[in-house]
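What follows is each chain in one-letter form.
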Amino acid sequence: MKYLFLNHKMNFNKDEACSYFESLNKIDFQDINVCVFPSYTNIFLANSNKYSVGSQNVSCYSNGSYTGDISSSQIASMGCKYCLIGHSERRKIFRESNEDIRLKLNNLKNDNVIPVLCVGEVRKEERYSTLIEQLDVIANLDIDNLVIAYEPVYSIGTGVVLKNKELEEVILWIREYVESIYDKDCLILYGGSVNDENIKSISSISSLDGFLIGKASLDIEKVKNMIGVISNG
Ligand code: PGA
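Now for a look at the structure at hand. Bear in mind that the values here come from a model prediction, so they are computed numbers and not experimental data.

Basis of the calculations
- Residues numbered from 1 in each chain as written.
- Predicted model: local features only at pLDDT ≥ 70, side-chain atom pairs only at ≥ 80, totals over all residues.
- Heavy atoms only, no water.
- Pairing = 2+ DSSP bridges.
- Helix = DSSP H or I, 4+ residues; strand = E, 2+ residues; numbered from the N terminus.
- Axes fitted to C-alpha atoms, helices over the stretch in contact; angles between N-to-C directions.
- Contact = heavy atoms within 4.5 Å.
- Near = heavy atom within 4 Å.
- Polar contact = N/O pair within 3.5 Å; in protein donor to acceptor, adjacent residues only side chain to side chain.
- Areas by Shrake-Rupley, 256 points an atom, 1.4 Å probe, with all protein chains shown as cover.
- 1 Å grid on protein atoms, 1.4 Å probe; cavity = no way out; pocket = protein on both sides within 12 Å on 5 of 7 lines; lining within 4 Å.
- Sits in = over half its atoms within 2 Å of the grid points.

Around the barrel, 8 strands lie side by side as β1-β2-β3-β4-β5-β6-β7-β8; this closed barrel has parallel pairing. Ignoring which end each strand starts from, the neighbouring axes of this sheet average 25° apart. Bridge count for strand β5 (residues 114-119) against strand β6 (residues 147-150) is 4 bridges, and the pairing is parallel. What sits directly across from V116, in β6, is V147. Sheet contacts for helix α5 (residues 127-135): β5 and β6; angle to β5, the most-contacted strand, approximately 155°. Contacts from helix α8 (residues 220-232) reach β1 (3-7), β2 (33-37) and β8 (210-213), with the element oriented near 165° to β1.

Taken together, 13 residues lie around the ligand, and K9, H87, E151, G157 and S193 are the ones closest in. Between the ligand and the protein, one listed contact pairs an oxygen atom with a side-chain N or O atom of H87 at 2.7 Å. Taken by itself the ligand offers 280 Å² of open surface, and the protein chains cover 97% of this. Of all the cavities here, the one that holds the ligand is the second largest pocket.

By the element assignment, Q56 lies in the loop between β3 (52-55) and α2 (72-77). Polar contacts involving the side chain of Q56 include one to the main-chain carbonyl oxygen of P38, which spans 3.3 Å. Look past the residues within four positions of Q56 in its chain and what remains in contact with it is N7, H8, K9, M10, F37, P38, S39 and L84.

Next up, the structure:
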């Protein structure tokens, strides 16, 4: 089973989102597990039992006077199965720390929302030290389900994708490291400039469970093509 997670980021107004979801619903997902991460304002528009819905973010706080924030219990009550945390855009632009991410993890755990922890280095030379720092937030975490999305920052939105051999090495390293600090199995996705042209080659990496797609997820034809490729692969 491959997972295709579609991160809309801050795109689509209400009408655009409605027509996107209408088209998405017509796609035959075959055995692919699809989850869409729309803006908060569009979550209620994603109304289908063919795919799941996730949140792009969650508050560090559980409830109360935090103007503009959305809590884990609120996203759970909107039907979100997953929630992205630690996306590099949040780490960089919004200065989110690993301590913030730890708090988010705990809130998601309490509300039974599956975290999708995004990790990835800014520079290749700092790959493993960065990954250790970012992955250590899950040490001894008592949750049953966890997804890790490996997204090297220099690959996001740039067209730069690691060669399969290198990517496979990193995925195996992550799997082993996660096993050593978190007592259960987790899914590992790759993200960063994945599209309908390169997904076939990357999906030959058998240790990879799926993909987190940004830009290409906004184009429904590309989504359809990507599903076609990975469901046959
Ligand atoms: P991209 O984004 O596919 O546009 O590179 C991926 C992501 O940010 O999750």
